[in-house]
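Coordinate inspection notes
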Amino acid sequence: MKPIKKRLPLLDALRGFALLGICLANYEELSLFSFLDVNHTANVESGLMDKIQHFLIYFFVEGKFYTIFSVLFGIGFSIIIGNAVNRGANGMRIFYRRMMLLLCIGFMHLMLLWSGDILMLYAAMGMILPLFYNCKIKTLLWWALLFLFLPIPSAYIVSTFDLQPCSWFYAQMDYWQSRFGIGDWGTWLNDSQSYVDVLKFLVMGAFERMTEFISSDRYFKVLGLFLIGLIIGKSKIYAEVEKHRLLLKRVIIIGFIVGIPTAILYALDGVNGYGYPKYVHNILEALSIYPMGLAYMAAFSLYAKRIVKPLTYPGRMALSCYIGQSLIGICLFYGFGLGLGMTMSLPHVMLTAVGVYVFEIIFAYVWMKYFTYGPLEWIWRMLTYGQWLKA
């Protein structure tokens, strides 16, 4: 595989597109709206409107943009690994150093800003990806499908045998929550008088994040999506869109035919408090989120040429923008900042998320006029190569 050195606007635009959906999905929690109890929620919007809005988020947003972001990371890793392979042993050392640094960035994000970090998991799964690099496309596809659907039997086994894989992490959560005197999570963050209060919550929140990864088998899902990205990267589909137009149209048609009916059931389950057994929920997730996420990618690649340019700016500095969304969010919503958490209806939260994203487009546009890399991308790159680089 020949090394890729020139940036591809489509990949940058897709990253920018994914960042919008991630901002919409994450701000429901960052705004503390998801911590409101039923009575408090009823004071800011009607119960019916609340359900409709949640349904739309579950149907159009939930999981789809994380799917896109994960696949794009897989494509990016395929390019990085390909370049590393061409450099020999030294190249692979650089790749693993890059992943270790991403792991550290994710850890700092988790412990200093927000408990919803995904970068640590991306780095860990990225380290596994070279094991699959020399596999044939068909073999990669079978591996990807295995990992994407493995959470279904896993959830069934855990439920049937009443296994408790998260028990140690729950115990740690209880310990730190008790030690710091944290009661209701949303109220604690909303009433935080200093950043130190947020740091206390983040210690407990780190263990809570681990329970989310384990209970949802998130590592299998991410690895499966990375392998889809590796397939796309090795096939060069992203670089030859017109050549693969028929394939992309099939992805769109099949993705929406399979994804829309199951996404309706998935969204209904979500707004009604996840009443289905976990393994049934995982079936709906696999048959809705992945097909629709891939259909979004294919449709964007074929038909969104007119809006590609503005989205390339945040896409070129996706790491900085992803971390930036968390930084802006806690300053807007937590008590030590503007304290807007728990005061907004869900539509206002979504409008705020869009506003933050528009700000990021403008900021990225101005930044990229003067610099080659985003601020965090620049630091990440310098630490990877161990030398000063022009920003």
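Nothing here was measured: the structure is a model prediction, and the numbers come from that model.

Analysis parameters
Throughout, residues of each chain are indexed from 1 in the direction in which the sequence is written. Only residues with pLDDT of at least 70 get local features here, since the model is predicted, and only at 80 or more are side-chain atom pairs given and counted; chain-wide, interface and lining totals rely on the full set of residues. With hydrogens and water stripped out, all remaining heavy atoms of the structure feed into the side-chain values. Put simply, DSSP marks the helices as runs of H or I at least four residues long and the strands as runs of E at least two long, and each gets a number from the N terminus on. A radius of gyration in this sense is built from C-alpha atoms; the matching globule rule multiplies 2.2 Å by the number of residues raised to 0.38. Burial classification: accessible surface area is computed with a 1.4 Å probe over protein chains only, and a residue below 20% of its type maximum counts as buried, one above 50% as exposed, and the rest as partly exposed. Contact criterion: two residues are considered in contact whenever any of their non-hydrogen atoms come within 4.5 Å of each other. Note on areas: Shrake-Rupley, 1.4 Å probe, and residue coverage restricted to the protein chains presented here. Here Asp and Glu are counted as negative and Lys and Arg as positive; His is not counted, and neither are the chain ends. By convention, the point assigned to a charge is CZ for Arg, NZ for Lys, CD for Glu and CG for Asp. Given the number of residues in a helix, its expected span is that number minus one, multiplied by 1.5 Å. Axis lines are fitted through C-alpha atoms, for helices just across the contact stretch, and the angle between N-to-C directions can take any value from 0 to 180 degrees. Just so you know how the angles are binned, under 35 degrees is roughly parallel, over 145 roughly antiparallel, 65 to 115 roughly perpendicular, and the rest oblique. It is the rotation of the near helix from the far one that decides the hand of a crossing: anticlockwise by less than a right angle makes it left-handed, clockwise makes it right-handed. Residue classes follow a fixed rule: Ala, Val, Leu, Ile, Met, Phe, Trp, Tyr, Cys and Pro count as nonpolar, while Asp, Glu, Lys and Arg count as charged, and any other residue, Gly among them, counts as polar. Stacked, tilted and edge-to-face pairs are distinguished by plane angle, under 30 degrees for stacked and over 60 for edge-to-face with tilted covering the rest, among Phe, Tyr and Trp rings (Trp via its six-membered ring) whose centres lie within 6.5 Å. As a reminder, the over-ring test applies to NZ of lysine and CZ of arginine, requiring each to be within 6 Å of the ring centre and within 35 degrees of the ring normal. Residues enter patches when they are more than 30% accessible in relative terms and free of salt bridges; like-charged ones are connected within 9 Å and nonpolar ones (Val, Leu, Ile, Met, Phe, Trp, Tyr) within 5 Å. Salt bridge, as used here, is a side-chain nitrogen of Lys or Arg placed within 4 Å of a carboxyl oxygen of Asp or Glu.

A closer look at the overall build of the protein
- When helices and strands are tallied, the protein shows 18 helices and zero strands.
- A compact globule built from 391 residues would reach a C-alpha radius of gyration of about 21 Å, and the protein, at 21 Å, matches this within 12%.
- Buried positions account for 52% of the 391 residues belonging to the protein.
- For the protein, the proportion of contacts with a sequence separation of at least 24, taken over those separated by at least 6, is 80%.
- Counting every atom, the protein has about 18400 Å² of accessible surface; 68% of that belongs to carbon and sulfur.
- Computing the positive centroid from 32 side-chain charges and the negative centroid from 22, the protein places the two 21 Å apart.

Re unusual backbone geometry
- With phi around 60°, lysine 236 is a residue other than glycine that occupies positive phi space.
- Looking at the element boundaries, lysine 236 is found in the loop between helix 12 (218-235) and helix 13 (245-271).
- Assessed through its relative accessible area of 24%, lysine 236 is described here as partly exposed.
- With phi around 65°, methionine 342 is a residue other than glycine that occupies positive phi space.
- Relative to the helices and strands, methionine 342 is located in the loop between helix 16 (318-333) and helix 17 (346-370).
- Note on methionine 342: relative accessible area 12%, which makes it buried.

Brief notes about helix 12
- In a regular helix each residue adds 1.5 Å, so 18 residues correspond to 26 Å; helix 12 covers 26 Å between its end C-alpha atoms and thus fits that length.
- Counting buried residues along helix 12, 14 of its 18 residues qualify, which places the element largely inside the surrounding structure.
- Looking one or two residues past helix 12, lysine 236 carries a phi angle of roughly 60°, positive in sign.

Regarding the side chain of serine 301
- Here serine 301 is to be found in helix 14 (residues 278-303).
- In this structure, serine 301 is in contact with Leu10, Leu14 and Val241, ignoring residues within four places of it in sequence.

Points about the packing of helix 4 (residues 64-87) against helix 14
- It is at 8 Å that the axes of helix 4 and helix 14 come closest, and there the two elements cross at 65°. Of the possible angle classes, the one that applies to helix 4 and helix 14 is roughly perpendicular. Like other packed secondary-structure pairs, helix 4 and helix 14 cross with a definite hand, here right-handed. Here helix 4 contributes Lys64, Phe65, Thr67, Ile68, Val71 and Leu72 to the contact with helix 14, which in turn contributes Ile289, Tyr290, Met292, Gly293, Leu294, Tyr296 and Met297.
- For the contact of helix 4 with helix 14, the per-class residue count stands at ten nonpolar, two polar and one charged.

Topic: the packing of aromatic side chains
- Per the stated rule, a full pass over the model turns up 36 aromatic pairs.
- Centroid distance phenylalanine 35 to tryptophan 185: 6.5 Å. Interplanar angle 65°. Geometry classified as edge-to-face. Placement of the pair is phenylalanine 35 in the loop between helix 1 (9-30) and helix 2 (38-44) and tryptophan 185 in helix 10 (residues 185-190), with a sequence separation of 150 residues.
- Ring plane angle 50° and centroid distance 5.7 Å describe the contact between phenylalanine 65 and tyrosine 296, whose orientation is recorded as tilted. On the criterion of sequence distance, the pair formed by phenylalanine 65 in helix 4 and tyrosine 296 in helix 14 is long-range, its members being 231 residues apart.
- An aromatic cluster is present here, built from Phe69, Phe73, Phe77, Phe95, Tyr96, Tyr122, Phe226 and Tyr322 joined pairwise through their rings.
- The side chain of arginine 98 reaches across the aromatic face of tryptophan 380, ending 4.3 Å from its centre.

Some remarks on a nonpolar patch on the surface
- Taken together, the side chains of Leu141, Trp142, Leu145, Phe149, Ile253, Ile254, Ile257, Val258, Ile283 and Leu287 present a nonpolar region at the surface, about 890 Å² in accessible area.
- Within the residue set of the nonpolar patch, elements represented by two or more residues are helix 7 (137-149), helix 13 and helix 14.
- Counting through the fold element by element, isoleucine 253 comes out in helix 13.

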